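Descriptive structure summary
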Amino acid sequence: MTEFFAAFVAGIAVFVAGYFGLAAPLGPQAACVLGYLAALFVFLGVVGGAKALRTYATGVEPDEKHGAARYFSFDVDHKVVGIQYTAAALVIFLVGGTFALLMRLELARHGLQFLTPDQYVTVMSLHGITMVVVALIATAGGLGNFIVPLQLGARDMAFPRMNALSFWLLPPAVVLLLASPLLGGLDFGWTAIAPLSTQGTTIGKQMFLLAFVTAGFSSIFSGVNFLATVLTMRAQGMGWARVPIFTWSVIASSIIQIMGTSVVAASLIMVTFDRVLHTSFFNAALGGNVLLYQHLFWYYSHPAVYIMILPAFGAVLEILPVYARKPLFAYHIVAGALITITALSFIVWAHHMFTSGMWMLLKLPFMVNTELISIPTGVVFLAALGTLWRAKIRLDAPMLWALAMITNFLIGGLTGIPLADAPTDLHLHDTWFIVAHFHFTIMGGAVFGFFAGFHHWFPKMTGRRLNEALAKTQCALMFIGFNAVFIPLFWLGNHGMRRHVADFPAWMDPVQTFASFAALLVASSALVFAYNVFSSSRNGEPAGENPWEALTLEWNAPSPPPHGNFKTPPVVTREPYDYGVVS
């Protein structure tokens, strides 16, 4: 823990010294960039990266750490990294949720309550990017790091030091995001849209861009590591037809992370060049093209939705057979559908740009491609329903969360159909219909899916079970509150309520006030969850190795698993979902 605080102090000191030392000769934007890069390397070195690099160069195995302090250090054990990701996602979730409550309080009635329009846009921008980070890292980063090597029968990830590096890139990014409103604020939303992001002299915008790029490199390193682990470290007997579906979902999302994140990182670096070096990538007056930014950004950011949702669907599909006591319906077809979604996700981005002024003839192929991706997505959804069909369902808390996720995602999927078609999108674009649809997909899908997986694998991570009554109470509060907040927003959007604005006509007050009160239910569910995790991790019922009687390999290891995971390398001799099958 000493290294953690020393690293933060050293990083902040280097940034401050670099910024004030370089601001006069180079300008504040360049000083911010160079100061941050120096601070980032110092932070990573002090927190443990330098020691990890030294042990790698000398061929020495890193020392195994014990106690709570290891979660504040550069630990290379995949289980520690998974818990670090999970804890970070939950903390960021609380921060992003606080921003959401501030917005809902401001929107409880017409007129301005306590935020100016500029402050509202800053809060909205920070809410958006923090919740996007949560959706990106919670299931794939947190649960994926902990569970995937166990499901494969591996001792660790393929590149343990890179795994730790992928996590420790996130704290500096989060610090930059939280500092940005104090240093000029944001006026471009979470998308950092050009030319708004290229204009202005405050360093708050530049900090946002640097944070986004840093998180992007974290995502790329994580994706490379997952693919290398799956390709090279599967247990004996685990062919591709025996890989658990959660691992398949992480494979799919990792491909997108590697192929797409580099593009958005490049676009944000180009914005930084426009700000610092006065290039003209997105400056129309100097020959640049503003639409180029949108194409680059959405080329990644629509596939990024699948980085968020595919691992969540994988967690849900992993859960359903366990509590339905049935094999996963159409397992092989579902695995193929996940890869098909991955491929198609890269040819649908421009449906976000139907109102941008792009070439009219491009609208038709992007409409068709967007509708086409609904086919493999529908296959995944129908596989979930097929698994539940005529099953003897055990309604433990993980199953309730899984069912809630399926219900929410159905609403998100159906409301996405009119947004995929240019004629209706022209009416609904940039309205709260979009906001509601996006939240049903990401919050209702990715976040609910994470909670399903968290409740399912918590016994494996800690050796104790969560309190069932509290877990079900949290699920009910969050599900009812979430739907009560966002279903009315479809109506508001269809009646002209624009996104990114803090005021609206007085006749919208009843609906807005109702949504703001409903948001308190969601907030209360977070309090129930925090208490449940805190109390259960200390005094919860001991779980044993396999409290759910599941068949995948992670349940063959002790709870929590020791360093190295398995006493002897496991051998796979059966399918992962042979529930009800006589062996």
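About the thresholds
- Residues numbered from 1 in each chain as written.
- Predicted model: local features only at pLDDT ≥ 70, side-chain atom pairs only at ≥ 80, totals over all residues.
- Heavy atoms only, no water.
- Helix = DSSP H or I, 4+ residues; strand = E, 2+ residues; numbered from the N terminus.
- Rg over C-alpha atoms; globule rule 2.2 N^0.38 Å.
- Buried < 20%, exposed > 50% of the residue type's maximum accessible area, 1.4 Å probe, protein only.
- Areas by Shrake-Rupley, 256 points an atom, 1.4 Å probe, with all protein chains shown as cover.
- Lys, Arg positive; Asp, Glu negative; His and termini not counted.
- Charge placed at Lys NZ, Arg CZ, Asp CG, Glu CD.
- Domains from an automatic or database assignment.
- Contact = heavy atoms within 4.5 Å.
- Buried area = accessible area lost by both parts, 1.4 Å probe.
- Salt bridge = Lys/Arg side-chain N within 4 Å of Asp/Glu carboxyl O.
- Phe/Tyr/Trp six-rings, centres within 6.5 Å; stacked < 30°, edge-to-face > 60°.
- Lys NZ or Arg CZ within 6 Å of the ring centre and 35° of its normal.
- Core = buried A, V, L, I, M, F, W, Y, C linked by side-chain atoms within 4.5 Å.
- Bend = angle between axes of the 7 residues up to and from the residue.
- Patch = residues over 30% accessible without salt bridge, like charges linked within 9 Å, V, L, I, M, F, W, Y side chains within 5 Å.
- Axes fitted to C-alpha atoms, helices over the stretch in contact; angles between N-to-C directions.
- Parallel < 35°, antiparallel > 145°, perpendicular 65-115°, else oblique.
- Left-handed = near helix turned anticlockwise from the far one by under 90°.
- Nonpolar A, V, L, I, M, F, W, Y, C, P; charged D, E, K, R; others polar.
- Expected span 1.5 Å × (residues − 1).
- Polar contact = N/O pair within 3.5 Å; in protein donor to acceptor, adjacent residues only side chain to side chain.

**Comments concerning the overall build of the protein chain**
Looking only at helices and strands, the protein chain has 16 helices and zero strands in total. Taken over the C-alpha trace, the protein chain has a radius of gyration of 23 Å; the compact-globule value for 583 residues is 25 Å, and the two agree within 12%. Across its three principal axes, the protein chain shows a C-alpha extent of roughly 70 × 60 × 45 Å. Looking at the protein chain as a whole, 57% of its 583 residues are labelled buried. Entry remark: accessible area of the protein chain is about 22,900 Å², with carbon and sulfur atoms responsible for 71%. Distance between charge centres in the protein chain, computed from 28 positive and 26 negative side chains, equals 6 Å.

**Details of the domain arrangement of the protein chain**
Partitioning the protein chain into structural domains gives domain 1 (1-73) and domain 2 (75-194 + 207-556). Relative placement of domain 1 and domain 2: their C-alpha centres are 28 Å apart. Residue-level contacts link 22 residues of domain 1 with 20 residues of domain 2. On the domain 1 side of the contact with domain 2, Q29, Y36 and Y71 bury the most area, a combined 31% of that side's loss. Counting across the interface, domain 1 meets domain 2 through zero salt bridges. Elements with a minimum of two residues in the side of domain 1 that touches domain 2: α1 (2-26) and α2 (28-58). Per-element accounting of the side of domain 1 that touches domain 2 gives the leading share, 12 residues, to α2.

**A closer look at the packing of aromatic side chains**
Taken as a whole and judged by the stated rule, the model has 43 aromatic pairs. Centre to centre, the rings of F4 and F72 are 5.4 Å apart; their planes meet at 65°, and the pair counts as edge-to-face. With F4 in helix α1 and F72 in the loop between α2 and α3 (78-106), this residue pair connects regions lying 68 residues apart in the sequence. We classify F4 as buried; its relative accessible area is 14%. When its relative accessible area of 32% is taken as the criterion, F72 is described as partly exposed. Judged by centre distance (5.1 Å) and plane angle (65°), the ring pair of F188 and F208 falls under edge-to-face. You can see F188 sitting in the loop between α6 (170-179) and α7 (203-232) and its partner F208 sitting in helix α7, a full 20 residues away along the chain. When the ring centre of W240 is taken as reference, the NZ or CZ atom of R234 above it lies at 4.1 Å.

**Considering unusual backbone geometry**
That bond from A194 to P195 is cis: its omega, 10°, falls within 30 degrees of zero. Within the secondary structure layout, P195 lies in the loop between α6 and α7. Geometrically, the link from S559 to P560 is a cis peptide bond, its omega value of -10° lying close to zero. Summarising the element assignment, P560 is placed in the segment after α16 (509-539). The residue A192 is not glycine, and still its phi comes out positive at about 50°.

**Some remarks on the environment of G200**
Looking at where G200 falls in the secondary structure, it is placed in the loop between α6 and α7. For G200, a relative accessible area of 45% puts it in the partly exposed group. C-alpha of G200 to C-alpha of P398: the two residues are 198 residues apart in sequence and 47 Å apart in space. If sequence neighbours within four positions are ignored, G200 has contacts with Q29 and R275.

**Examining the nonpolar core**
Core analysis: the biggest nonpolar cluster contains 188 residues, and I245, Y293, L320 and F451 have the highest contact counts within it. Lining this core are residues from two domains, each supplying at least three of them: domain 1 (1-73) and domain 2 (75-194 + 207-556). What I245 contacts, discounting residues up to four positions off in sequence, is G314, L317, E318, L328, Y331, V334, A335, L338 and Y577.

**A look at helix α14 (residues 432-462)**
Its maximal kink placed at H456, α14 deviates by approximately 45°, while the proline P459 follows within four residues. For α14, the buried fraction is high: 29 of the 31 residues fall into the buried class. G463 lies just past α14 and shows a positive phi near 85°.

**Let's talk about the pattern of salt bridges**
Within this structure, the stated rule accounts for eight salt bridges. We note a salt bridge from D187 to K205, for which the minimum N-O separation is 3.1 Å. With a gap of 18 residues between them, D187 in the loop between α6 and α7 and K205 in helix α7 connect regions that are remote in the sequence. Linking R242 and E575 is a salt bridge whose minimum nitrogen-to-oxygen distance equals 3.4 Å. One end of the pair, R242, is in the loop between α7 and α8 (245-276); the other, E575, is in the segment after α16, and 333 residues separate them in sequence.

**Here we look at a nonpolar patch on the surface**
A contiguous nonpolar surface patch, about 420 Å² in accessible area, is contributed by F217, I269, F273, L277 and F281. Within the element layout of this structure, F217 appears in helix α7. Its relative accessible area of 37% is what places F217 among the partly exposed residues.

**As for the packing of α1 against α2**
It is the contact of α1 with α2, at a shortest axis distance of 7 Å, that shows an interaxial angle of 160°. What the angle tells us is that α1 and α2 run roughly antiparallel. Where α1 crosses over α2, the handedness of that crossing is right-handed. Looking at the contact of α1 with α2, its residues break down into 23 nonpolar, three polar and two charged.

**Focus on α3**
Given 3.6 residues per helical turn, the α-helix brings residues three or four places apart onto the same face. Over its 29 residues, α3 runs 42 Å from end to end, which matches the ideal 42 Å to within 8%, given 1.5 Å per residue. The distance from a side-chain oxygen at the start of α3 to the backbone nitrogen of K79 is 2.9 Å, and the residue carrying that oxygen is D77.

**Describing the side chain of S166**
Mapped onto the elements of the fold, S166 is located in helix α5 (residues 160-168). Ignoring anything within four residues of it in the chain, the contact list for S166 reads Y85, S218, F221 and S222.

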